[in-house]
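Residue-level structural notes
Each chain, letter by letter, is given below.
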Amino acid sequence: MSEESNLQTDVLSSLMTSNQALQDAVLKIARIQQATTRATFEALNQEQKSTFCKSLESSGAKPKDIQQLTNRSQSTISRLLK
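Now for a look at the structure at hand. Source: prediction; values computed, not measured. Per-chain numbering applies: the sequence of each chain, read as written, is numbered from 1 onward. Two thresholds apply to this predicted model, a pLDDT of at least 70 for residue-level local features and 80 or more for giving and counting side-chain atom pairs, whereas whole-chain, interface and lining totals are computed over all residues. With hydrogens and water set aside, each side-chain value is computed from the structure's full complement of heavy atoms.

1. Concerning the pattern of salt bridges
- Whenever Lys or Arg places a side-chain nitrogen within 4 Å of a carboxyl oxygen from Asp or Glu, that contact is recorded as a salt bridge. According to the stated counting rule, one finds one salt bridge in the structure shown.
- Its salt-bridge partner being Glu 42, residue Arg 72 comes within 2.8 Å of it at the nearest N-O pair. Of this pair, Arg 72 sits in the loop between helix 3 (63-70) and helix 4 (74-81) while Glu 42 sits in helix 1 (residues 3-43); the two residues are 30 residues apart in sequence, bridging distant segments of the chain.
- Look at Arg 72 and you get partly exposed, because its relative accessible area is 27%.
- For the exposure calls, accessible area comes from a 1.4 Å probe over protein chains only, and a residue counts as buried if that area is under 20% of its type's maximum, exposed if over 50%, partly exposed in between. By relative accessible area, Glu 42 is classed as partly exposed at 45%. Starting at the N terminus, helices and strands are each numbered in turn, a helix being any DSSP run of H or I of at least four residues and a strand any DSSP run of E of at least two.

2. A word on the packing of aromatic side chains
- Aromatic pairing here means that ring centres of Phe, Tyr or Trp (its six-membered ring) are within 6.5 Å. Orientation follows from the plane angle: under 30 degrees is stacked, over 60 is edge-to-face, and everything else is tilted. For the structure on display, the rule yields one aromatic pair.
- Here the aromatic rings of Phe 41 and Phe 52 are separated by 5.7 Å at their centres, their planes lie at 50°, and the arrangement is tilted. One end of the pair, Phe 41, is in helix 1; the other, Phe 52, is in helix 2 (residues 46-58), with eleven residues separating them in the sequence.

3. Considerations on helix 1
- An ideal rise of 1.5 Å per residue puts 60 Å on 41 residues; helix 1 measures up with 60 Å between its terminal C-alpha atoms.
- By the criterion applied in these results, polar contacts are pairs of N or O atoms within 3.5 Å in which, for protein atoms, one can donate a hydrogen and the other can accept it, and in which residues neighboring in sequence qualify only through two side-chain atoms. Two or three places before Ser 5, at the start of helix 1, stands the capping residue Ser 2, its side-chain oxygen 3.1 Å from that residue's backbone nitrogen. An expected span of 1.5 Å times one less than the residue number is assigned to each helix.

4. Describing unusual backbone geometry
- Notably, Asn 71 is not glycine yet its phi reads approximately 65°, a positive angle.
- As for its placement among the helices and strands, Asn 71 is situated in the loop between helix 3 and helix 4.

5. A few points about the environment of Ile 66
- For Ile 66, the location among the structural elements is in helix 3.
- Between the alpha carbons of Ile 66 and Ala 39 there is a distance of 14 Å; along the sequence they are 27 residues apart.
- Look past the residues within four positions of Ile 66 in its chain and what remains in contact with it is Cys 53, Leu 56, Glu 57, Ala 61, Ile 77 and Leu 81. Throughout, a residue-residue contact means that at least one pair of heavy atoms, one from each residue, lies within 4.5 Å.

6. Here we look at the side chain of Ser 50
- With respect to the element layout, Ser 50 can be found in helix 2.
- The class for Ser 50 is buried, based on a relative accessible area of 14%.
- Here the side chain of Ser 50 touches Leu 80 through a polar contact of 2.7 Å, landing on its backbone oxygen.
- Non-local contacts of Ser 50, meaning those with residues more than four positions away in its chain, are made with Leu 80 and Lys 82.

7. Some words on helix 2
- Compared with an ideal rise of 1.5 Å per residue, which puts 13 residues at 18 Å, helix 2 spans 18 Å between its outermost C-alpha atoms and is within 8% of the ideal.
- Contact partners of the buried residues in helix 2: helix 1, helix 3 and helix 4.
- Its side-chain oxygen placed 3.1 Å from the backbone nitrogen of Glu 47, Asn 45 serves as the N-cap of helix 2.
- Phi for Gly 60, located one or two positions after helix 2, is positive at around 110°.

This is the structure:
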């Protein structure tokens, strides 16, 4: 390989490593955010949970999304959204 080709390979390798590190960081932040959301939800009383779910819904979240965010069953989310 030529020196230019080696340089391109090194740059590409560095970019791929950086991209993987960035993806790992984003996934870690997402897991932390999910854990924080669930912990916050658990700390709320029933009225606050209902308000929280309705707020998410009015912001465009679908019941399935709310279910995933809160780790609650579909029937619980439906009840909280009424």
